[in-house]
Amino acid sequence: MDYSAKDLMEMDDTYGAHNYKPLDVVLNKGEGVWVWDVEGNKYMDMLSSYSALNHGHRNPVIIKKMKEQLDKLTLTSRAFRNDQLPLFLKKVCEVTGMEMALPMNTGAEGVETALKATRKWGHKVKGIPENKAEIIACSNNFHGRTITIISLSTEEQYRDGFGPMTPGFPIVPYGDAKAIENAINENTAGVLVEPIQGEGGIVVPPEGYLKKVKEICKKNNVLLIFDEIQCGLGRTGKMFAWEWENAKPDGIILGKALGGGVYPVSIFASSKKVLGVFNPGDHGSTFGGNPIAAAVGLAALDYLIEEDLPGKALKLGNYFMDKLRSLENPVIKEVRGKGLLIGLELNEKARPYAEKLKEKGLLCKETHGVVIRFAPPLVITKDELDWAFEQVKDVFES
Ligand SMILES: *Cc1c(COP(=O)(O)O)cnc(C)c1O
């Protein structure tokens, strides 16, 4: 090893912009739910790269598929067709119950695609006057970091200094269906919602919310778009979080775990009516839908289904939440979540607890200042989860 952890962190901070404040651990190996740092210390990954690692680190099935594809064809751009993309698109439609899909790379691009499709549908199909279409978003949301997407954020820091913002995004309180109904007018094209807010602090809306929002959208000829980039693909104990209320949306955005933990893959899936608004040249991405992305995305979906990762997340998530609720420490305000998307809200700053958990070999990250997120890879075993709980118990009951 040529560089020490200290050298690498210094290099990182010298040459890299400081748009993150990572825990001081320099990783160089991962397998399943485990990662190792450059000094050989072993940790459990309880963050899963914000749910991009539902399949675990270097999932052997995904790695094999990717290697096979690397040896055949990597990139064509959409100027030409490739033999992997059609299989991936068909699978996405089967799994989501949608009719068509448009592949991108990052989550933010998937969201941008959904916003563009929704606006264009509003104008071309619904008949909203040009440049008037509105898309309602919810307070405390996280949909990504582009200038348009931060325009619908209510997080001051995400917007600070980046103006002017993109207009056309009225914001209503999250979890309040009536507020959506009141905000809808003749120019409303769509409503964008996270079925569970991840970055917002693992916020689960009141029961019945998703279903009510769906009814309201339907009644008003407004598209309901769910951002399931973080809560989708098994994380909450169902393939999609909307299944908790049987509230199938008009369009769904997927990302993160769609790339199997190895590659950026995102997609917007919807109906022919909505995605039919795109004509050649309207929208695109050089890398979107490339053969590696398609092969990996297909393998990621197949694996989730074959290994029943949603079912595992449900069982183990309930098990872990029960254990967390048994912790006795007045600093703990609430344990909440669904499946293996779990938030432990404290009455004080969570960062020092994340640091202590790191010392115990458990890597978590605080979100929204006071919430510790527990979101391990869905391939975690019960024994591994028991070990994790022992570390949490040590930190909170010592
Ligand atoms: C992570 C995330 C995004 C953005 O994805 P990127 O790949 O980071 O651009 C959008 N929406 C939700 C709900 C997310 O969790």
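Remember, it's a predicted structure, so these values are computed and weren't measured experimentally.

Reading guide: rules and limits
Residues numbered from 1 in each chain as written. Predicted model: local features only at pLDDT ≥ 70, side-chain atom pairs only at ≥ 80, totals over all residues. Heavy atoms only, no water. Helix = DSSP H or I, 4+ residues; strand = E, 2+ residues; numbered from the N terminus. Rg over C-alpha atoms; globule rule 2.2 N^0.38 Å. Buried < 20%, exposed > 50% of the residue type's maximum accessible area, 1.4 Å probe, protein only. Areas by Shrake-Rupley, 256 points an atom, 1.4 Å probe, with all protein chains shown as cover. Lys, Arg positive; Asp, Glu negative; His and termini not counted. Charge placed at Lys NZ, Arg CZ, Asp CG, Glu CD. 1 Å grid on protein atoms, 1.4 Å probe; cavity = no way out; pocket = protein on both sides within 12 Å on 5 of 7 lines; lining within 4 Å. Points joined across faces, edges and corners; volume = space filled by probe spheres on them. Nonpolar A, V, L, I, M, F, W, Y, C, P; charged D, E, K, R; others polar. Pairing = 2+ DSSP bridges. Contact = heavy atoms within 4.5 Å. Axes fitted to C-alpha atoms, helices over the stretch in contact; angles between N-to-C directions. Near = heavy atom within 4 Å. Polar contact = N/O pair within 3.5 Å; in protein donor to acceptor, adjacent residues only side chain to side chain. Patch = residues over 30% accessible without salt bridge, like charges linked within 9 Å, V, L, I, M, F, W, Y side chains within 5 Å. Salt bridge = Lys/Arg side-chain N within 4 Å of Asp/Glu carboxyl O. Domains from an automatic or database assignment. Buried area = accessible area lost by both parts, 1.4 Å probe. Phe/Tyr/Trp six-rings, centres within 6.5 Å; stacked < 30°, edge-to-face > 60°. Lys NZ or Arg CZ within 6 Å of the ring centre and 35° of its normal. Core = buried A, V, L, I, M, F, W, Y, C linked by side-chain atoms within 4.5 Å.

## Some words on the overall build of the protein chain
At step 1: Helix and strand counts for the protein chain stand at 14 helices and 15 strands.
At step 2: Taking 21 Å as the expected radius of gyration for a compact globule of 398 residues, we find that the protein chain reaches 21 Å, a close match to that expectation.
At step 3: Along the first, second and third principal axes, the C-alpha set of the protein chain runs to 60 × 55 × 45 Å.
At step 4: Burial status across the protein chain gives 55% buried among its 398 residues.
At step 5: Just so you have it, the protein chain exposes about 18,100 Å², and 51% of that area is on carbon and sulfur atoms.
At step 6: Distance between charge centres in the protein chain, computed from 49 positive and 53 negative side chains, equals 5 Å.

## Regarding the layout of surface pockets
At step 1: By volume, the second largest pocket is sized at about 750 Å³.
At step 2: Lining the second largest pocket are 26 residues, with Arg78, Leu89, Ala101, Leu102 and Pro103 positioned closest to its centre.
At step 3: Elements with a contribution of two residues or more to the lining of the second largest pocket: α4 (85-96) and β4 (100-104).
At step 4: At 5 residues, α4 tops the list of elements feeding residues into the lining of the second largest pocket.
At step 5: Looking at the lining of the second largest pocket, its residues break down into 12 nonpolar, 9 polar and 5 charged.

## Digging into the sheet that holds β4
At step 1: The strand order β4-β10-β9-β8-β7-β5-β6 describes an open sheet built from 7 strands, whose pairing is mixed. Taken across any chain shown, the strands that pair with only one partner, and hence form the sheet edges, are β4 and β6 (171-172).
At step 2: As paired strands, strand β9 (residues 251-254) and strand β10 (residues 266-270) are joined by 4 bridges and run antiparallel to one another. Its bridge partner lying in β10, Gly251 is registered against Ser270.
At step 3: Sheet strands in contact with helix α9 (residues 209-219) are β5 (134-138), β7 (188-193) and β8 (223-227), and its direction is about 150 degrees off that of β8.

## So, the site of the ligand
At step 1: Within the structure, the ligand sits among Thr106, Gly107, Ala108, Phe142, His143, Gly144, Glu194, Asp227, Ile229, Gln230 and Lys256.
At step 2: One of the backbone nitrogen or oxygen atoms of Ala108 is found 2.8 Å away from an oxygen atom of the ligand.
At step 3: Between Phe142 and the ligand, the recorded distance is 3.3 Å, taken from a backbone N or O atom to a nitrogen atom.
At step 4: Class assignment of the residues belonging to the shell around the ligand gives a composition of 3 nonpolar, 5 polar and 3 charged.

## Topic: a nonpolar patch on the surface
At step 1: On the surface, Tyr3, Met11 and Tyr15 cluster together into a nonpolar patch covering about 370 Å² of accessible area.
At step 2: Mapped onto the secondary structure, Met11 falls in helix α1 (residues 5-15).

## A closer look at the domain arrangement of the protein chain
At step 1: Assigned domains of the protein chain: these are domain 1 (5-59 + 308-397) and domain 2 (60-306).
At step 2: Each of domain 1 and domain 2 has a C-alpha centre, and the two are 26 Å apart.
At step 3: Domain 1 puts 33 residues into the contact, and the matching count from domain 2 is 34 residues.
At step 4: Interface area lost by domain 1 to domain 2 is led by His55, Asn59 and Lys338, which between them contribute 28%.
At step 5: In this structure, Arg373 and Glu199 form a salt bridge, with 2.8 Å as the shortest nitrogen-oxygen distance.
At step 6: At the boundary of domain 1 with domain 2, the tally comes to 22 residue pairs in polar contact (both at pLDDT 80 or more).
At step 7: Of all the secondary-structure elements, those providing two or more residues to the side of domain 1 that touches domain 2 are α2 (48-51), α12 (309-325), β11 (332-338), β12 (341-346) and β15 (371-374).

## Let's talk about the packing of aromatic side chains
At step 1: Applying the stated criterion across every chain, the model contains 7 aromatic pairs.
At step 2: Ring geometry for Tyr174 against Tyr209: centres 5.6 Å apart, planes inclined by 70 degrees, an arrangement best described as edge-to-face. Here Tyr174 is found in the loop between β6 and α8 (177-183), whereas its partner Tyr209 is found in helix α9, with 35 residues between them in sequence. In terms of burial, Tyr174 and Tyr209 fall into one category: buried.
At step 3: Here a set of aromatic residues connected by ring pairs shows up, and it is made of Phe320, Phe374 and Phe389.
At step 4: A cation over an aromatic ring shows up here: Lys29 above the ring of Trp36, its NZ or CZ 4.7 Å from the ring centre.
At step 5: The lysine or arginine in question, Lys356, covers the ring of Tyr353, its NZ or CZ lying 4.8 Å from the ring centre.

## Quick look at the nonpolar core
At step 1: Counting 77 residues, the largest nonpolar core has Phe88, Ile372, Phe374 and Phe396 as the members making the most contacts within it.
At step 2: Residue-level mapping places this core at the junction of two domains, with at least three residues from each of domain 1 (5-59 + 308-397) and domain 2 (60-306).
At step 3: With near-sequence residues (within four places) excluded, Phe374 lies in contact with Met46, Phe320, Leu324, Leu340, Leu341, Ile342, Leu344, Leu357, Leu362, Cys364 and Val392.
At step 4: Of all hydrophobic cores here, the second largest spans 23 residues; its members include Ala108, Leu192, Ile229 and Leu275.

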